[in-house]
Amino acid sequence: MTSPHPELEGVGLTALLVAAARAIETHRHDGLAQDVYAEHFVRAVPACADWPVRIEQVPDGDADPLWGRFAGYFALRTRVLDDFLLGSVRTGARQVVLLGAGLDTRAFRLDWPSDCVVFEIDRPGVLAFKHDVLTALSATPQAKRITVPADLCDDWPTALTTAGFDPTTPSVWLAEGVLFYLPPAAETRIIDTVDHLTTAGSALAYEAKLEKDLLQYRDSTIYTSTRQRLGIDLLTLFTQEPRPDSTGSLRSKGWSTQVRIPFDFTHHHNRGPLPEPNDALEGNRWIFAHKP
């Protein structure tokens with residue numbers, strides 16, 4: 001599969017998969033999240049022209065392992081992390097930092113306080129593609145939005161502070177579906193940097209995978225359908241090296257942490273995936289951390 005946007009190949013292409021999932025959720029009558037921009041990202045890339053953006057376009061509907069179950073996971077994740085960010089802002093955070101923002105449109109679609117600032121960190125090409133699509137739609141952010149072109153494996157902290165981030169003001173950080181694509185050392189630097197750049201009253205949410213051997217799920221329906229139907233082999237994109245204990249690191253630095261299983265939120269919202277045999281989602285965890 002090729003794309004006219006090199007930054008949207010490989011890991012970047014997964015951002016389009018998640019955008020398609022948000023588009024499908026947006027068109028549901030009982031959608032967990034609303035993102036009117038999502039389908040426009042998908043349609044802007046010719047390689048994704050035949051991807052569905054409504055569940056009615058999927059022959060097997062919610063029974064489809066890719067556009068039903070996997071998309072449902074992304075929709076649930078979107079809603080849960082939306083709630084976390086907005087909750088953190090309600091309790092005092094005034095800076096939102098999206099690490100590896102991808103095609104995240106939270107700056108545009110969520111109801112932020114007028115004095116809130118949203119920083120989006122990602123590679124220049126990804127941010128440029130997003131800018132082009134949103135500009136064509138005359139999209140207007142709901143808060144002050146600052147894009148920070150930087151790779152998370154490079155000196156993004158300098159780029160962030162240069163862009164105006166204030167370490168003395170409470171902040172909330174999000175690494176949604178990004179850390180397990182990075183080398184373990186990069187994850188460790190990110191966690192250490194978040195701790196260094198945050199003051200009391202700040203918060204962090206991120207997604208982790210606990211599997212010691214990701215390849216044991218190579219034949220799971222989620223991975224096979226994504227590989228065979230979209231040409232995205234997630235297991236070649238995930239780093240196979242042992243992951244660091246970022247939750248333990250945060251606790252050692254004084255943060256309180258909560259590790260949640262996504263299926264818990266399926267029961268809470270009565271929407272989303274449930275466990276199944278050979279389940280590639282069973283090792284996924286959502287971590288919520290607060291700095292007292």
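Coordinates for the structure precede this section.
Source: prediction; values computed, not measured.

Here is what the cut-offs are and how they apply
- Positions within a chain are numbered from 1, following the residues in the order the chain's sequence is written.
- Local features in this predicted model are restricted to residues of pLDDT 70 or higher, and side-chain atom pairs are both shown and tallied only at a pLDDT of 80 or more, whereas totals for entire chains, interfaces and linings draw on every residue.
- To get the side-chain values, take all heavy atoms of the structure and skip hydrogens and water.
- We call a set of buried residues a nonpolar core when its members are Ala, Val, Leu, Ile, Met, Phe, Trp, Tyr or Cys and they connect through side-chain atoms within 4.5 Å of each other.
- Buried, partly exposed and exposed residues are distinguished by accessible area as a fraction of the type maximum, computed with a 1.4 Å probe on protein chains only: under 20%, between the cut-offs, and over 50%, respectively.
- Runs of E in the DSSP output that reach at least two residues are strands. Runs of H or I that reach at least four are helices, and both are numbered from the N terminus.
- Only one rule defines a salt bridge in this text: a Lys or Arg side-chain nitrogen within 4 Å of an Asp or Glu carboxyl oxygen.
- When DSSP locates at least two bridges between a pair of strands, those strands are taken to pair.
- Angles shown run from 0 to 180 degrees and are taken between the N-to-C directions of axes, each axis being a line fitted to C-alpha atoms and, for helices, limited to the stretch in contact.
- Whether two residues are in contact is decided by their heavy atoms: any pair within 4.5 Å suffices.
- For cavity detection a 1 Å grid was placed over the protein atoms alone, and a set of points counts as a cavity when a 1.4 Å probe fits there but cannot get out; an open set counts as a pocket when protein lies on both sides within 12 Å along at least five of seven lines, with lining residues being those that have an atom within 4 Å of a point.
- Grid points are joined across faces, edges and corners, and a volume is the space filled by probe spheres set on the points.
- Each residue gets one of three labels, nonpolar for Ala, Val, Leu, Ile, Met, Phe, Trp, Tyr, Cys and Pro, charged for Asp, Glu, Lys and Arg, and polar for the others, Gly among them.
- Orientation categories follow fixed angle ranges, with anything under 35 degrees roughly parallel, anything over 145 roughly antiparallel, 65 to 115 roughly perpendicular, and all other angles oblique.
- Take the far helix as the reference: if the near one is turned anticlockwise from it by less than a right angle, the crossing is left-handed, and if turned clockwise, right-handed.
- What the arc covers is the set of directions going from the helix axis to the C-beta atoms.

A. Spotlight on the nonpolar core. Within the largest apolar cluster, 71 residues are counted, with the highest numbers of intra-cluster contacts made by L16, F41, W51, W67, F70, V96 and W112. If one sorts the elements of this core by residue count, helix 3 (residues 65-90) sits on top with 13 residues. By size, the runner-up hydrophobic cluster in this structure holds 29 residues, among which are V97, L99, W173 and L204.

B. Spatial organisation of the environment of T188. Inspection of the secondary structure assignment puts T188 in helix 7 (residues 184-196). Sequence separation between T188 and R243 is 55 residues, and the spatial gap between their C-alpha atoms is 9.2 Å.

C. Structural view of the pattern of salt bridges. Inspection of the entire model under this criterion finds 25 salt bridges. A salt bridge links E276 to R69; its shortest N-O distance comes to 3.4 Å. Residue E276 is found in the loop between helix 11 (262-269) and strand 7 (284-291), and its partner R69 is found in helix 3; the two are separated by 207 residues along the sequence. You can call E276 partly exposed: its relative accessible area is 29%.

D. Looking closely at unusual backbone geometry. With a phi close to 55°, S138 is a non-glycine residue in the positive phi region. By secondary structure assignment, the location of S138 is in the loop between helix 5 (124-136) and strand 3 (144-149). A positive phi angle, near 50°, is found at N278, a position not held by glycine. Counting through the fold element by element, N278 comes out in the loop between helix 11 and strand 7. Taking the relative accessible area as the measure of exposure, N278 reaches 36% and is therefore partly exposed.

E. Quick look at the sheet that holds strand 1 (residues 95-99). The seven strands are arranged 3-2-1-4-5-7-6 in an open sheet whose pairing can be described as mixed. At either end of the open sheet lies a strand with only one pairing partner, and these are strand 3 and strand 6 (256-260). Geometrically, the sheet is characterised by an average inter-axis angle of 15° between neighbouring strands, direction not taken into account. Together, strand 1, strand 4 (171-175), strand 5 (202-209) and strand 7 form the strand contacts of helix 3, whose direction differs from that of strand 7 by roughly 5°. Across the sheet, helix 5 touches strand 2 (117-122) and strand 3, and the angle it forms with strand 3 is around 145°.

F. Summary view of the pairing of strand 3. Bridge count between strand 2 and strand 3: six bridges; the pairing is parallel. If you follow I121 over to strand 3, its bridge partner there is V148.

G. Local environment of the layout of surface pockets. Of the pockets and cavities examined, the second largest pocket occupies roughly 430 Å³. Of all elements in the fold, only strand 5 and helix 10 (246-252) reach the threshold of two or more residues within the lining of the second largest pocket. The element contributing the most residues to the lining of the second largest pocket is strand 5, with four residues. Looking at the lining of the second largest pocket residue by residue, the classes come out as 10 nonpolar, four polar and nine charged.

H. Focus on the packing of helix 3 against helix 11. Viewed as axis vectors pointing N to C, helix 3 and helix 11 meet at an angle of 85°, and their least axial separation amounts to 10 Å. One finds that helix 3 runs roughly perpendicular with respect to helix 11. Facing helix 3, whose interface residues are R69, Y73, L76, R79, V80 and D83, helix 11 presents P262, F263, F265, T266 and H269.

I. Spatial organisation of the packing of helix 3 against helix 8 (residues 221-230). Remark: helix 3 packs on helix 8, axes separated minimally by 10 Å, with the N-to-C direction vectors making an angle of 125°. In terms of orientation, helix 3 lies oblique with respect to helix 8. In this structure, helix 3 crosses over helix 8, and the sense of that crossing is left-handed. Mapping the contact onto sequence places P65, L66, W67, R69 and F70 in helix 3 and T221, I222, S225, T226, R229 and L230 in helix 8.

J. Seen up close, helix 11. Of the residues making up helix 11, those classed as buried are P262, F263, F265, T266 and H269. For helix 11, the angular spread of the buried residues around the axis is 155°, confining them to a single face. Facing away from the buried surface of helix 11 by more than 90 degrees, the exposed residues are H267 and H268. In this structure, the buried residues of helix 11 make contact with helix 3, strand 6 and strand 7.

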